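Per-entry structural report
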Amino acid sequence: MDSIVVTGNGPLQGQIPIAGAKNACLTLMPATLLSEEPLTLTNAPRLSDIRTMAQLLQSLGAEVSQLQDGQVLALSSRALDNHVADYDIVRKMRASILVLGPMLARDGHAIVSLPGGCAIGARPVDLHLRALEAMGAELDLRDGYVHARAPGGLKGGTVDFPFVSVGATENALMAATLAKGTTVIRNAAREPEVVDLADCLVRMGARIDGIGTHTLTVEGVDRLRGATHPVVPDRIELGTYMLAPAICGGEVECLGGRFDLVGAFCEKLDAAGVDVTETDSGLKVARRHDRVRAVDVTTAPYPGFPTDLQAQMMALMCTAEGVSVLEEQIFENRFMHAPELMRMGARIDVQGGTATVTGVERLKGAPVMATDLRASVSLILAGLAAEGETQVNRVYHLDRGYERVEEKLRGVGARIERIKGR
Ligand code: EPZ
């Protein structure tokens, strides 16, 4: 397995291009299942999760071609010759559950493996299933699979989520586009990736009101057409790279970055003493003093502080002046990076969903283990600011969500290398 070696090397300077959002692309790709006409996604990120979704769609009978070095995905689902999403693919990536709503809406039947838990928590899919039931789906859980049927097609209904779920909103939204009649989705997620999916569905001919709000009203149509859609920039990749100069000093411009994607995060950076300015091509970031100040962070659904930036923010807080309290409200087990950061000299006390970080002046390089995608990159950020060498092991997680991470960081002066494993 590959590992990444980072050596603390002082301030960073230059530009980092931001790719299309992984989590948007992973929900846009299954939207192909809703139409017999081609769907083309531009600004696609080149990641292993995208390849896994392509594999899953192909197993169902869709055609997926990666053009322009993978930045354009040409998808086509003229006919689906298989309606079973197999455990072997679903277990690799939870986003696989997003094929359920579209397949059911289009052909009235689908069998999808239950994804199971993952490193950051139990992550059930009950809300996805309840939403489809509200549209008339008949579901049966057998042998680890959801067997779903909608004889006569899905029907418009009211979906009232007890709390915000990004994936369940996406599944419900896609299914509702082809359901007969009107579907109202209450307490819908408002994440930019959900908005991006809704925008793409509208391009395909869907009738959706309330995009970007907590209530989505969908008027079902008989069929959707093909479309070309650019994937929204990845706000989590953006936030991650914005933290690099905040941790190491220097000035970095994130090309393609937009304030509206990272508002709550920028407020925290400002409070910590990091300047973010808008330029013609993105966002420029530089810290105001040698050391940032401690700030408290509580994760929340968009427009709150994203859970997917919590680990990276903790890396910044490890060397801040003062004590910061980080509360994780979305996932129950998302502090696995804390013990690894402590191996580098960080002072962190985790009690349930709260981590208290007492900033130290300098971290020290150490061998560490990546446990999930965002944890991996937080260790790389910490390594950039540490004294000596940090070896981040098990980086396959990283390749799921960050394209060419070494190249992008080397481009702004970081010392970072990949060691190929066996
Ligand atoms: C999406 O996951 C993202 N993944 C996650 O990105 C992100 O952390 C998360 O949203 C929150 O922003 C993709 O978009 C592919 P949720 P999702 O449903 O949709 C509970 C990353 O690092 N829940 O909004 O699975 C759930 O357990 C990641 O890129 C239920 O209880 O998240 C969690 O506690 C990882 N029942 C909360 O809701 C359900 O049916 C929010 O999860 C669904 C969710």
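All residue numbers refer to positions counted from 1 along the written sequence of the respective chain. The predicted nature of this model means local features are confined to residues of pLDDT at least 70 and side-chain atom pairs, given and counted, to a pLDDT of 80 or more, with totals for whole chains, interfaces and linings taken over all residues. Calculation of side-chain values draws on the structure's entire complement of heavy atoms; hydrogens and water are dropped beforehand.

**Quick word on the overall build of the protein**
The condition that has to hold: The numbering of helices and of strands both runs from the N terminus, where a helix is a DSSP run of H or I of at least 4 residues and a strand a run of E of at least 2. Any two residues whose heavy atoms approach within 4.5 Å at even a single point are treated as in contact. Per-residue and other accessible areas follow the Shrake-Rupley method at a 1.4 Å probe size, with only the shown protein chains counted as cover for residues.
A tally of regular secondary structure across the protein gives 14 helices and 24 strands. The principal-axis extent of the C-alpha atoms belonging to the protein is close to 65 × 45 × 40 Å. The long-range fraction of contacts in the protein, counting pairs at least 24 apart against all pairs at least 6 apart in sequence, stands at 73%. Approximately 16200 Å² of the protein is accessible, and the part contributed by carbon and sulfur atoms is 46%.

**Describing the site of the ligand**
Worth spelling out the cut-off: Here a residue counts as near a molecule or strand whenever at least one of its heavy atoms sits within 4 Å of it. What qualifies as a polar contact is a pair of N or O atoms within 3.5 Å, subject to a donor-acceptor requirement within protein and to the restriction that residues adjacent in sequence count only when both atoms come from side chains. Throughout this entry, Asp, Glu, Lys and Arg are counted as charged residues, while Ala, Val, Leu, Ile, Met, Phe, Trp, Tyr, Cys and Pro are counted as nonpolar. The remaining residues, Gly among them, count as polar.
The ligand sits among 22 residues. The nearest are D126, L127, S165, D308 and I330. K22 places a polar side-chain atom, nitrogen or oxygen, 3.0 Å from an oxygen atom of the ligand. Within the side chain of D126, one N or O atom sits 2.7 Å away from a nitrogen atom of the ligand. In the complex, the protein chains occlude 87% of the 830 Å² of accessible area that the ligand would expose alone. For the shell around the ligand, the element with the highest residue contribution is helix α5 (residues 126-134), accounting for 3 residues. In the shell around the ligand, the residues fall into 11 nonpolar, 5 polar and 6 charged.

**What to know about the side chain of E170**
The topology assignment puts E170 in helix α6 (residues 166-177). Every residue in contact with E170, bar those within four places of it in the chain, is listed here: N23, T27, L98, E193, V194 and L197.

**Description of the sheet that holds strand β10 (residues 158-160)**
Just so we agree on the cut-off: By the convention used here, strands pair only if DSSP detects at least 2 bridges between them. Helix axes use the C-alpha atoms of the stretch in contact, all axes being lines fitted to C-alpha atoms, and the angles between their N-to-C directions lie in the range 0 to 180 degrees.
Pairing is mixed across the open sheet formed by 4 strands, whose spatial order is β10-β11-β13-β12. Only two strands of the sheet have a single neighbouring strand rather than two, namely β10 and β12 (207-209). Pairwise comparison of adjacent strand axes, ignoring direction, gives a mean angle of 15° for this sheet. Taken together, the 4 bridges between strand β11 (residues 182-186) and strand β13 (residues 216-219) define a ladder with antiparallel strand orientation. Of the residues in β13, the one forming a bridge with T183 is V218.

**Let's talk about the pattern of salt bridges**
Spelled out, the test is: A carboxyl oxygen of Asp or Glu within 4 Å of a side-chain nitrogen of Lys or Arg is what we treat as a salt bridge. Residue burial is assigned from relative accessible area. The probe radius is 1.4 Å, only protein chains are included, and a residue is buried under 20% of its type maximum, exposed over 50%, and partly exposed in between.
Applying the stated criterion across every chain yields a total of 24 salt bridges. A salt bridge links R142 to D140, with the nearest nitrogen and oxygen atoms 2.7 Å apart. The exposure class of R142 is partly exposed, given its relative accessible area of 40%. Among the salt bridges present, the one from R258 reaches D260, with a minimum N-O distance of 2.9 Å. One salt-bridge network, held together by shared partners, links R46, D69, E237, E403, R404, E407 and K408.

**Quick look at the packing of helix α10 (residues 310-317) against helix α12 (residues 373-385)**
Test applied: An angle counts as roughly parallel when it lies under 35 degrees, as roughly antiparallel when it exceeds 145, as roughly perpendicular when it falls between 65 and 115, and as oblique in every other case. Crossing chirality is assigned from the near helix's rotation relative to the far helix, an anticlockwise turn below a right angle marking it left-handed and a clockwise turn marking it right-handed.
Contact pair α10 / α12: the axes reach a minimum separation of 8 Å and the direction vectors enclose 20°. By the angle between their directions, the pair α10 and α12 is classed as roughly parallel. Judged by the sense of rotation from one axis to the other, the crossing of α10 with α12 is right-handed. Contacts from A311, Q312 and A315 of α10 reach α12 at R374, A375, V377, S378, L381 and A382. For the contact of α10 with α12, the residue count by class is 6 nonpolar, 2 polar and 1 charged.

**Remarks on the confidence of the model for the protein**
We apply this condition: Each residue gets a pLDDT score, which is the predictor's confidence in that residue and runs from 0 to 100.
For the protein, the average pLDDT comes to 96, and 100% of its residues sit at 70 or higher. Mean pLDDT across the secondary structure elements of the protein bottoms out at helix α13 (residues 396-401), with 90, and peaks at β13, with 99.

**Comments concerning the nonpolar core**
Put simply, the rule reads: In this description, a nonpolar core means a group of buried Ala, Val, Leu, Ile, Met, Phe, Trp, Tyr and Cys residues linked to one another through side-chain atoms lying within 4.5 Å.
Of all hydrophobic cores here, the largest spans 76 residues; its most connected members are M29, V99 and L201. Membership of the second largest hydrophobic core comes to 69 residues, among which are I16, L283, L379 and Y402.

**Overview of the state of the cysteines**
Test applied: Disulfide assignment relies on a single distance test, namely cysteine sulfur atoms paired within 2.5 Å.
By the definition in use, this model includes 0 disulfides. With no disulfide of its own, C248 lies closest to C254 among cysteine sulfurs, the gap being 13 Å. Here C248 falls in the buried class, since its relative accessible area comes to 9%. Considering cysteine sulfurs only, C266 is the nearest to C254, which forms no disulfide, with 9.9 Å between them.

**Remarks on the packing of aromatic side chains**
Operational definition: Here is the rule: rings of Phe, Tyr and Trp (six-membered ring for Trp) pair when centre to centre is within 6.5 Å. Planes less than 30 degrees apart are stacked, more than 60 are edge-to-face, and the remainder are tilted.
As enumerated under the stated definition, the model contains 2 aromatic pairs in all. For the ring pair Y241 and Y402, a centre distance of 6.5 Å and an interplane angle of 80° mean the geometry is edge-to-face. Here Y241, found in helix α8 (residues 235-248), pairs with Y402, found in the loop between α13 and α14 (405-410); they are 161 residues apart in sequence, far enough to count as distant. Judged by relative accessible area, Y241 falls into the buried class, the value being 1%. By relative accessible area, which is 2% here, Y402 ends up buried.

**Structural notes on helix α9 (residues 263-272)**
Looking only at α9, the buried set comprises A264, F265, C266, L269 and A272. On its buried side, α9 packs onto α8, β16 (274-278) and α10. Where α9 ends, the next residue or the one after it, G273, has phi of about 100°, a positive value.

**Overview of the sheet that holds strand β15 (residues 250-255)**
Strand order in the open sheet formed by 4 strands is β2-β15-β17-β16, and the pairing between neighbours is mixed. The sheet is open, and its two borders are formed by β2 (12-17) and β16, each paired with just one other strand. Pairs of neighbouring strands in the sheet enclose a mean axial angle of 15°, with direction left out of account. In the sheet, β15 pairs with strand β17 (residues 282-287) via 5 bridges, with the strands oriented antiparallel. Note that in β17 the partner of L255 across the bridge is G282.

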